[in-house]
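As a plain string of letters, each chain reads:
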Amino acid sequence: CMALTSTMKAGVASFLLVSLVSLRGGSGFHFSRFVDRATANEGKPVVRARRRLDDDEREWDCSHYSHYLVDRRKLLRSSPFLIGALSSRVVRATDQEAPPPAVPAVSQAKLASLLKQVPTFAIVDTRGVPFFVVGEDAKLTSYFFTSYEEARRILDVAIKSSDKAIAATKKEIKGKRGTVTKEDEEEIGTNPWRKARITTVSLDLAVTLSSKGKLAGAYFKIAPNESDIEDALEADKTDDLPEGRVPLFYIEEMKINGGDDMISPLYFQKKQLLKEWRRQSKSSPEVKVTELSATLGEMLSGTDTELQTLRFIPIEGSKLRSEQILKKESEPFRLGERIVVL
C-alpha cells in the first residue's frame, strides 16, 4: 500500500442536507450511539450545510502498522490500545547502547496478508463515496462493519429515521403555513440514505485507516455487531466496550486445521467459535475474549513463535457476500471524498 496524500479543498457555503467534501489526490463501536446519530434530527427541520474548510494537506503512509510492546501474559486482560500508539515515543540511550530489537514473530507483510482474508462492510453512495456521521463529540466518523448484516441493519435504521424526520418537518411546516412550497422542499432536502449501498473493504485497509486517527479532519472506525459486543462484555465481566474496539473470541488450546498446518483461531463471533468447538468436543469450554488492536500489536512486537499460529476467522458467510458485492459493483470504496450526514 503506497503512501497517499489527501488535500482538502475549500468548499463553498450552502445549505444542504448532505455535504459532499472533495479531496484532491488519494486514490464499537457501540451501536446505540450510531442509532442516536441516525435519529438525531427526528422531529426537527432537516438542514444540511457544506462547510468551508481551509486547505489542509496531510501525507500518510498505510504501508505498515507501528509496534506496541505488550507482555503476552497480560495481553488478554490489558486495556485495548491503538496500533501505533507508541510510534511517536523515542527511546534514548544513556550510558550504554540499546540492545538490538528482537525480531517479531509475525512480520508486517504476513500480518497484512492475514487481515486481507477478512472482509468488512461499509456504507457508501452509488460512486463508492463513504458516508460519515457527526457524533456528539462533533467528530466526523465513517464505519467499517464486521458483518454485512449489521451494516444492512444500520442502513435500514438510518433510512427510516431520516424519512420520519423529513415527514415530521413537512407536517410542521404545513401546519404553520398551510402548504409546503418548492423552496421548503429544497431546504428540507431528500433522504441521502436512500441512495446508499453497502460495499466491502478488506480488514487490512480498515485497520490501517482506523489506526491512523484523524485523517483530513475525519475518522474511520471498525464496528463489531451489537450482539458480539454483548457477548464480549458478558465474557469479560465489564460494562462497556469503547467505540472502535473489536472483540475476538477464543478457547485456550483450541486448534483447527488451517490447510498446511494447525492454527489457533480467533473469531469475531462467539456463536461461530462454539459451533466449531462442538465439532471437536462435547465438553463445555471456557470462552475467552481479547481485542483486535491489542492482538495485532502483540503479533507485531511479541517474539513467542505461538503467535505465528494465530488466524482471524471471518464471520460465517461474509466472504461469500463480499465476493458477490465485488462482482456486481462498478465503483468500489472511494478514498478522497466523503458524504457527511448532519
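Residues numbered from 1 in each chain as written. Predicted model: local features only at pLDDT ≥ 70, side-chain atom pairs only at ≥ 80, totals over all residues. Heavy atoms only, no water.

Below, the discussion takes up the overall build of the protein. Tallying secondary structure elements over the protein gives nine helices and 16 strands in all. Residues classed as buried in the protein amount to 47% of the 342 residues present. For the protein, the accessible area works out to roughly 18700 Å², and carbon and sulfur atoms hold 49% of it. (Helix = DSSP H or I, 4+ residues; strand = E, 2+ residues; numbered from the N terminus. Buried < 20%, exposed > 50% of the residue type's maximum accessible area, 1.4 Å probe, protein only. Areas by Shrake-Rupley, 256 points an atom, 1.4 Å probe, with all protein chains shown as cover.)

In this section: helix H5 (residues 203–211). Summarising burial for H5: eight of the nine residues are buried, a large majority. Along H5, the residues classified as buried are Leu203, Asp204, Ala206, Val207, Thr208, Leu209, Ser210 and Ser211. Gly213 sits one or two residues past H5 and shows a positive phi near 75°.

We now examine the packing of helix H2 (residues 108–116) against H5. Helix-helix packing: each pair is described by the crossing angle between the helix axes and the interaxial distance. Where H2 contacts H5, the axes come no closer than 6 Å and their chain directions differ by 115°. Together, Ala112, Leu115 and Lys116 of H2 and Leu203, Asp204 and Val207 of H5 make up the contact between the two elements. Classifying every residue of the contact of H2 with H5 gives four nonpolar, no polar and two charged. (Axes fitted to C-alpha atoms, helices over the stretch in contact; angles between N-to-C directions. Contact = heavy atoms within 4.5 Å. Nonpolar A, V, L, I, M, F, W, Y, C, P; charged D, E, K, R; others polar.)

Next up on the list: the nonpolar core. A general tendency of soluble globular proteins is for nonpolar side chains to be buried together. Within the largest apolar cluster, 36 residues are counted, with the highest numbers of intra-cluster contacts made by Leu203, Leu292 and Phe312. Contributions of two or more residues to this core are made by H2, strand E6 (119–124), strand E8 (140–145), H5, strand E10 (218–223), strand E11 (247–250), helix H8 (292–301) and strand E15 (310–313). Setting aside residues no more than four positions away along its own chain, Leu292 makes contact with Leu203, Val207, Ile222, Val246, Leu248 and Phe312. Ranked by size, the runner-up nonpolar core spans 20 residues in total, among them Val129, Tyr148, Ala196 and Val341. (Core = buried A, V, L, I, M, F, W, Y, C linked by side-chain atoms within 4.5 Å.)

Looking at where Glu243 falls in the secondary structure, it is placed in the loop between helix H6 (226–236) and E11. In this structure Glu243 comes out as buried when scored by relative accessible area, which is 18%. Here Lys221 takes part through its side chain, which lies 3.1 Å from a polar atom of the side chain of Glu243. (Polar contact = N/O pair within 3.5 Å; in protein donor to acceptor, adjacent residues only side chain to side chain.)

Before going further, it helps to examine H2. Inspection of H2 places Leu111, Leu114 and Leu115 among the buried residues, and these make up the whole buried set. For H2, the buried positions fall inside an angular range of 95° around the axis, keeping them on one side. Elements that come into contact with the buried residues of H2 comprise H5, H8 and E15. (Arc of directions from axis to C-beta.)

A separate point is the pattern of salt bridges. Across all of its chains, the model carries 16 salt bridges by this definition. Of the charged contacts, one joins Glu185 and Lys170 as a salt bridge, the two residues approaching to 3.2 Å between their closest N and O atoms. Of this pair, Glu185 sits in helix H4 (residues 182–188) while Lys170 is found in helix H3 (residues 148–177), placing the two residues 15 residues apart along the sequence. With relative accessibility at 28%, the residue Lys170 sits in the partly exposed group. A salt bridge links Arg177 to Asp184, with the shortest nitrogen-to-oxygen separation between them at 2.7 Å. Within this structure, Arg127, Glu331, Arg334 and Glu337 form a network of salt bridges that share partners. (Salt bridge = Lys/Arg side-chain N within 4 Å of Asp/Glu carboxyl O.)

In this model, Lys237 sits at a positive phi of 55°, which is unusual for a non-glycine residue. Along the chain, Lys237 falls in the loop between H6 and E11. Of note in this structure, Glu253 is not a glycine but carries a positive phi near 70°. In this structure Glu253 comes out as exposed when scored by relative accessible area, which is 75%.

Here we take up the side chain of Gln269. Relative to the assigned elements, Gln269 resides in the loop between strand E13 (262–267) and helix H7 (270–280). A relative accessible area of 7% places Gln269 in the buried class.

Mean pLDDT over the protein stands at 75; residues scoring 70 or higher make up 70%. Every residue in residues 1–95 is under pLDDT 50, and counting partners more than four places away or in other chains gives 228 contacts. (pLDDT = per-residue confidence, 0-100.)

A few words on the packing of H2 against H8. Interaxial distance between H2 and H8 falls to 9 Å at its minimum, and their mutual angle equals 145°. Crossing angle aside, the handedness with which H2 passes H8 is right-handed. Only Leu296, Met299 and Leu300 of H8 make contact with H2, whose side of the interface consists of Gln108, Leu111, Leu114 and Leu115. A class-by-class count of the residues in the contact of H2 with H8 yields six nonpolar, one polar and no charged. (Left-handed = near helix turned anticlockwise from the far one by under 90°.)

Looking now at the pairing of E10. Most of E10 sits out of view: five of its six residues are buried. Bridge analysis of E8 against E10 gives six bridges, and the strand direction is parallel. Opposite Leu140, over in E10, you have Ala218 as the bridge partner. (Pairing = 2+ DSSP bridges.)

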